[in-house]
Amino acid sequence: MPELSQAASLYSQPDPPHCQTDAVYAAPNGSAYILQYNCEDTLFARLLNLNNPDAVLLLNQGYFMNWSPDGAWLLFRNVETGQVWLIPINGGEWQPLDLPAGTYDAAFAPDGQRVLYAASVGLGFGSEMGVLNLADGRLTPWQTFPDHLVAHAAWSPDGNVLAYVLLPDTNIPFVIGELWLAEPASGKQLMLLAEVDAGHGYAPVWSPDSTSLVYVHRGNPDDIQADLEPLALRSNLYQVDVYAGAVTPITQFEDSLVYDAVWSPDGLLAFTADDAVWIWTPSKMPVQVSPPGNYRHPAWLSSPMP
Amino acid sequence: MTRSFLIWRRIWPLLIISLLAGLFTSQTTSQPLIPPGPAAPSGPTTHLLFVNFADRGGGNYPDLSPEQQGHA
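Overview of the structure. (Residues numbered from 1 in each chain as written. Chains lettered and ligands numbered in written order. Predicted model: local features only at pLDDT ≥ 70, side-chain atom pairs only at ≥ 80, totals over all residues. Heavy atoms only, no water.)

1. A word on the overall build of chain B
Okay, step 1: Looking only at helices and strands, chain B features one helix and three strands.
Okay, step 2: Listing each helix as α and each strand as β along chain B from the N terminus yields α-β-β-β.
Okay, step 3: In chain B, which comprises 72 residues, the proportion classed as buried is 44%.
Okay, step 4: Just so you have it, chain B exposes about 3,600 Å², and 60% of that area is on carbon and sulfur atoms. (Helix = DSSP H or I, 4+ residues; strand = E, 2+ residues; numbered from the N terminus. Buried < 20%, exposed > 50% of the residue type's maximum accessible area, 1.4 Å probe, protein only. Areas by Shrake-Rupley, 256 points an atom, 1.4 Å probe, with all protein chains shown as cover.)

Here's what the structure looks like:
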């Protein structure tokens, strides 16, 4: 286990009143990261660029959606207006995207030229998924899901397949979802890969080699309290081979909350388990790399300090 | 509060009602979209960033600490 004395503080600031740091999203090239804050009555994000450490960009009233593959742009949704913005991290002008009303999720294609969106018009109306071509602004609806909400849609890094989670269109906050493999050019369902935890926002993550997905498996599906209380979830990380369909547990914690899985480009998986950070190397046992109790939200950067 | 936001709360659950109206200062533009490109070559991503909640002292102080990767 590495010594934490090797760690250096990169950014330290009190969270605003009634807020907490909810997630960290590093850019694909590791040169910038987003801090997403969860407050009682709003949410916001901060963008920190390692190449320009003195300029912290405040992104008010909304949530981060996705990084562009080159790490130069991000998608951000304003929750007051519903507008999704294409934001350059170098300080350029924000560009509004002409996405359907009710768009709640969006992700870049691996070529960076298209944005996959998910939208819904209301409870009980299901959801739809489609693609916006950034070059010409053309919007192409792909699939509708009358009884489900589609979430966490993401192409594999090589672009050969697509995966997404379908949640029941219900007012129960935390449910069991279905992880589907889908055609990359239409979103048509190909194969049910696994049942996954859903509602907490824990997206399945593609391995860098595009052969597998790591997802959060709910260990207490019959616990009604866990349907309502986010911290009541008991979970482990599982891996599914998207071509063979084989499912393998990565962690086997008992009575733990395991989440926040994030791959490094060279194939190490970091995650949070009971407020400690761990790393898993494929074919080995997970290794705890922080003391227990106070550490969450791992992300991978290309350089340690500005 | 929009329906899509309610959905997002389920997918990314936060206790939100939406406030701070008028503080949002994003810019609009009529320029054509400039599509982002594919992944750019970059150096190895070998440093682990994480949030340290230990140093709360009256508030909630996240220390974001890059750590040299050096595990087994």
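2. Topic: the pairing of strand E19 (residues 212-218) of chain A
Residues and elements named next belong to chain A.
Okay, step 1: Of all the seven residues making up E19, six are buried; the element is thus mostly covered by neighbouring parts of the structure.
Okay, step 2: Across two bridges, the pairing between strand E18 (residues 205-206) and E19 is antiparallel. Its bridge partner being in E19, Val205 is matched across the sheet by Val214.
Okay, step 3: Where E18 hands over to E19, the hairpin turn is made up of five residues, of which Ser210 adopts a positive phi near 70°. (Pairing = 2+ DSSP bridges.)

3. Digging into the packing of aromatic side chains
All names here are of chain A.
Okay, step 1: The tally for this structure, following the rule as stated, stands at 12 aromatic pairs over all chains.
Okay, step 2: Between Trp142 and Trp155, the aromatic rings sit 6.1 Å apart at their centres with planes inclined by 85°, giving edge-to-face as the arrangement. Taken together, the residues span a long stretch of sequence, with Trp142 in strand E13 (residues 139-145) and Trp155 in strand E14 (residues 148-155) at a distance of 13 residues. Of the two residues examined, Trp142 and Trp155, each falls in the buried class.
Okay, step 3: Grouped by ring-pair contacts, the aromatic residues Tyr25, Phe64 and Trp67 constitute a single cluster. (Phe/Tyr/Trp six-rings, centres within 6.5 Å; stacked < 30°, edge-to-face > 60°.)

4. Considering the side chain of Thr103 of chain A
Residue and element names in this part refer to chain A.
Okay, step 1: For Thr103, the position within the fold is in strand E10 (residues 103-108).
Okay, step 2: By relative accessible area, Thr103 is classed as buried at 1%.
Okay, step 3: At a separation of 2.6 Å, a polar atom in the side chain of Thr103 contacts the main-chain carbonyl oxygen of Pro100. (Polar contact = N/O pair within 3.5 Å; in protein donor to acceptor, adjacent residues only side chain to side chain.)

5. Observations regarding the side chain of Arg218 of chain A
Residue and element names in this part refer to chain A.
Okay, step 1: Tracing the backbone through its elements, the reader meets Arg218 in strand E19.
Okay, step 2: Polar side-chain contacts of Arg218 include one of 3.1 Å to the backbone oxygen of Asn220.
Okay, step 3: Of note is the side chain of Arg218, whose polar atom sits 3.1 Å from the backbone oxygen of Asp223.
Okay, step 4: Excluding its chain neighbours within four sequence positions, the residues that come into contact with Arg218 are Phe174, Val175, Ile176, Asp197, Asp223, Ala226, Asp227, Leu233 and Arg234. (Contact = heavy atoms within 4.5 Å.)

6. Side note on the sheet that holds strand E20 (residues 235-241) of chain A
Residues and elements named next belong to chain A.
Okay, step 1: The four strands lie next to each other as E18-E19-E20-E21, forming an open sheet whose pairing is antiparallel. Edge positions in the open sheet fall to E18 and strand E21 (247-249), since each of these has one partner strand only.
Okay, step 2: Looking at chain direction, E20 and E21 are connected through three bridges and run antiparallel. Bridging from a neighbouring strand, Gln239 pairs with Thr248 of E21.

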